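A closer look at the structure
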Amino acid sequence: MKQLSTKVTSNGHGQDSSYFLGWEEYEKNPYDEMENPNGMIQMGLAENQLCFDLIESWLAKNQDAASLKRKGQSIFRELALFQDYHGMPEFKKAMAEFMEEIRGNRVTFDPKKIVLAAGSTSANETLMFCLAEPGDAFLLPTPYYPGFDRDLKWRTGAEIVPIHCSSSNGFQITESALQQAYQQAHKLDLKVKGVLVTNPSNPLGTALTRRELNLLVDFITSKNIHLISDEIYSGTMFGFEQFISVMDVLQDKKLENTEVSKRVHIVYSLSKDLGLPGFRVGAIYSNNEMVVSAATKMSSFGLVSSQTQYLLSALLSDKKFTSQYLEENQKRLRSRQKRLVSGLESSGITSLRSNAGLFCWIDMRHLLDTNTFEAELDLWKKIVYNVKLNISPGSSCHCTEPGWFRVCFANMSEDTLDLALKRLKTFVESTDCGRMISRKSHERLKSLRKKTVSNWVFRVSWSDRVPDER
Amino acid sequence: MGLPLMMERSSNNNVVELSRVAVSDTHGEDSPYFAGWKAYDENPYDESHNPSGVIQMGLAENQVSFDLLESYLEKKNPEGSMWGSKGAPGFRENALFQDYHGLKSFRQAMASFMQQIRGGKASFDPDRIVLTAGATAANELLTFILADPNDALLVPTPYYPGFDRDLRWRTGVRIVPIHCDSSNHFQITPEALEQAYQTARDENIRVRGVLITNPSNPLGATVQKKVLEDLLDFCVRKNIHLISDEIYSGSVFHASEFTSVAEIVENIDDVSVKERVHIVYSLSKDLGLPGFRVGTIYSYNDNVVRTARRMSSFTLVSSQTQHMLASMLSDEEFTEKYIRINRERLRRRYETIVEGLKKAGIECLKGNAGLFCWMNLGFLLDKETKEGELELWDVILKELKLNISPGSSCHCSEYGWFRVCFANMSEKTLDIALKRIHEFMDRRSGF
């Protein structure tokens, strides 16, 4: 038998995980308001569909950008031939400025340090190829985006060692968890090359606190390893505080232009903030010249279509548009999240207080038969097959505690969200446990809300109270 | 090629290493193939502004048929908007579409286009088409799938310099050359195949497949049907794969002269034979659209299709681009006209350059496809060595201000051959280039 490579026969693509199986079930029976009102509602897809109207109206007013024209003249030829892996300078400039704007213009990004990639999927993998040998490990806080198992490990041969986070402190990263993960890697005879965090976090929907970011920078400094901060959701921060990027922390600690800053890399993409996953626009930002150089050459394997670079450089260079968009996006996400959270509460389901992202991390531990992952999977199957909601079970995100699920809220209409919540409520009330808890929680939550402080402020004070060692 | 850079690793405790892949030079960018481009970038020819600048003849781009594409797209979207008028309905659906199966309409369009190029002599199933961001990605992806690190692919020389990076860099796979020479117009012989295979085996390297480019880059010639049949036999006997990069299939001057491996497979029922054949294609050459990043893998092997599809997550084609090209490529009336006119224009260009070179006393390999000709300057070499060839290349770059690609950068085993592109410039510029060559040859012969 001529055989295929071990990459084919291994399960490194990760597609047998429940995360993807849920999608498959959805594909077989997708909800449609008219055609299939009893179909499955997709709540497992972290898409941002809330602000297309803003982009569409911009397109209608700026027809040249999408029709390959500049000032009314066709530039078809120029774009058709442009395949320079350095990327379109106007586009990288616009990306750099957009990233600055998202961070309140507190930090600057040099377009020359941006490497474009076909989506952050490609960007993350490329960084792995640059930073890790086969068999080297990166530490990732759990729970994490299921796609990382494929993106970081499949073709690169790198390993992931989890940094265990728990609900006892809102799943925040602690020093002891970091050290434990580092030691675990050594026990497994793996060389640790770095830490990779997603900030804001997927699936938690929370931005990393300054305390955590400081911890991370201190940790990579002392261990002499890299830090990759996947900030793909940075523009979805709807909490009332500003988003803190790892770049902010480097600046505040006066570490720019130091050796440490050359080990900090950011990944970004337009798939979540702008809702354009189909256009495949991702980026690596690095202060490390060798990384930029190697990654630039590697981007040959995943260049961004010149047609797309042109369209988006026009869109992102329009500062009036970007500031209006960012503000409106945050507003709409905030109101959607509130709708989901209060709907869940009326079913007695609490969620981790979130301030970012396109999803909530919900607590359904009380609905489990037993505190096990088997029970979590049973519950998940009921919700998928009986309630017809595709949500993502925490185990697919490598969460160490059973009973947590990720539920997306920005990829559907309000009506669909309401319907999903209704179905969930019906389901919860049909379970004995649910009926009991529902009533109790409702009272508890009502009194909590009376305490006035916003969701987000609660989390800040929470983190201040948590000591570094647990 | 491909020796890892010697770097001071861990001599300073503060410097954390990058990966071997990152610091190696297996990306191949230090070869003269790329150095010539730099010289061009620094001093590019321009008819009005810089008439004595470097003329780029090292870039295999197809610029002869843009007008056909432009006028088609203009007709289709008179109001200019890509997704329809007034607020772009269809935009959001397109922007969200990231399914690695690819847009169905686009896959169907690609299948029908590939079929048309082959004059209907082979059929393509849209469900076997996997889309990637260019053939660069397709070739790397196939290598990841068909071979493990330290395995080898056999590739006939001379070959496209980019393969050193695309097939080897991140995959860790090796290339073992199948040596071809001018004694039989650089065709692949069964002896050369056996020899390459044996070389690999002697070094304890596992051979996983043969990768050919048909029509060939840099030769500019199609692979003969008999050779393809022999190749497939060889692959069956050794139980290995056959990859046929047919990126220039639409640039064959006379359609009848091209035999695709797909035609050969079309008449084979034995699945165990079919399953080892994979075709790579792209719109970068035939349509002249390298910037849009549209490549494809076509495989007769279900497992390969399934895995390639999943792996294509790392290199998807922009849905905006799929959308724009889908209707154009499925417009069979348009594509038939385009293919025909494109072939004709390329043929004329080829004849112009070959005639011009002949008048200057320079012979080329008899070619019938592609965007370049394979020119023989062996008789001008001081020494028949790589250095001799590179010296001549340097003279041509510095004195004639022509950037052409030396055969050694394509791993040619004979010295003095050069690849000269002719489709990436206006006719006028081509004339100027030929004039410079003429004058150079006159000077050399002491006129």
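None of these values were measured; they are calculated from a predicted model. (Residues numbered from 1 in each chain as written. Chains lettered and ligands numbered in written order. Predicted model: local features only at pLDDT ≥ 70, side-chain atom pairs only at ≥ 80, totals over all residues. Heavy atoms only, no water.)

Things to note about the overall build of chain B
- On a plain count of helices and strands, chain B comes out with 16 helices and 13 strands.
- For 447 residues, the compact-globule estimate of 2.2 N^0.38 gives 22 Å, and chain B sits close to it at 22 Å.
- Viewed in the frame of its principal axes, chain B has a C-alpha envelope of about 65 × 60 × 55 Å.
- Here the contacts in chain B between residues at least 6 apart in sequence split such that 74% fall between residues at least 24 apart.
- With the model as given, the accessible surface of chain B reaches about 17,200 Å², and the carbon-plus-sulfur share is 48%.
- Distance between charge centres in chain B, computed from 50 positive and 61 negative side chains, equals 3 Å. (Helix = DSSP H or I, 4+ residues; strand = E, 2+ residues; numbered from the N terminus. Rg over C-alpha atoms; globule rule 2.2 N^0.38 Å. Contact = heavy atoms within 4.5 Å. Areas by Shrake-Rupley, 256 points an atom, 1.4 Å probe, with all protein chains shown as cover. Lys, Arg positive; Asp, Glu negative; His and termini not counted. Charge placed at Lys NZ, Arg CZ, Asp CG, Glu CD.)

Some points on the pairing of strand β8 (residues 295-299) of chain B
Residues and elements named next belong to chain B.
- The buried count for β8 comes to 5 of 5 residues, which makes it a mostly enclosed element.
- Neither face of β8 is exposed, since G295, I297 and S299 on one face and T296 and Y298 on the opposite face are all buried.
- Bridge count for strand β2 (residues 129-132) against β8 is 4 bridges, and the pairing is antiparallel. Bridge assignment links I129 to a residue of β8, and that residue is Y298.
- Two strands pair when backbone bridges link them, and strand β7 (residues 277-282) and β8 are joined in this way by 5 bridges, in the antiparallel orientation. Counterpart to I279 in the pairing with β8 is Y298. (Buried < 20%, exposed > 50% of the residue type's maximum accessible area, 1.4 Å probe, protein only. Pairing = 2+ DSSP bridges.)

What to know about the side chain of S249(B)
Residue and element names in this part refer to chain B.
- Note on placement: S249 falls in the loop between β6 (241-245) and α10 (261-266).
- Taking the relative accessible area as the measure of exposure, S249 reaches 0% and is therefore buried.
- Within the structure, the side chain of S249 is placed 2.7 Å from the backbone oxygen of E246, a separation counted as a polar contact. (Polar contact = N/O pair within 3.5 Å; in protein donor to acceptor, adjacent residues only side chain to side chain.)

Concerning the sheet that holds strand β14 (residues 392-393) of chain A
Residues and elements named next belong to chain A.
- Here we have 4 strands laid out as an open sheet, ordered β11-β12-β15-β14, and antiparallel in their pairing. With partners counted over all chains shown, the strands left at the sheet margins are β11 (350-351) and β14, one partner each.
- In this sheet, strand β15 (residues 404-408) lies alongside β14 in antiparallel orientation, the contact comprising 2 bridges. Its bridge partner lying in β15, P393 is registered against F405.
- Set on the sheet, helix α14 (residues 319-345) makes contact with β11, β12 (359-363) and β15; between it and β12 the angle comes to about 15 degrees.
- Lying on the sheet, helix α15 (residues 373-386) is in contact with β14 and β15; it crosses β15 at an angle near 30 degrees. (Axes fitted to C-alpha atoms, helices over the stretch in contact; angles between N-to-C directions.)

Here's the deal with unusual backbone geometry
All names here are of chain A.
- In the segment running from T142 into P143, the intervening peptide bond is cis, with an omega of -5 degrees.
- At K71, a position not held by glycine, the phi torsion is positive, near 50 degrees.
- With respect to the helices and strands, K71 occurs in the loop between β2 (69-70) and β3 (73-74).
- Positive phi outside glycine occurs at H398, with the angle close to 65 degrees.
- For H398, the location among the structural elements is in the loop between β14 and β15.

A look at the nonpolar core
- Within the largest apolar cluster, 203 residues are counted, with the highest numbers of intra-cluster contacts made by V195(A), L270(A), F106(B), V210(B) and L283(B).
- Residues contacting F106(B), with those up to four places away along its chain left out, are L131(B), L283(B), V294(B), Q322(B), L325(B), A326(B) and L329(B).
- By size, the runner-up hydrophobic cluster in this structure holds 102 residues, among which are C130(A), L196(A), I362(B) and L397(B). (Core = buried A, V, L, I, M, F, W, Y, C linked by side-chain atoms within 4.5 Å.)

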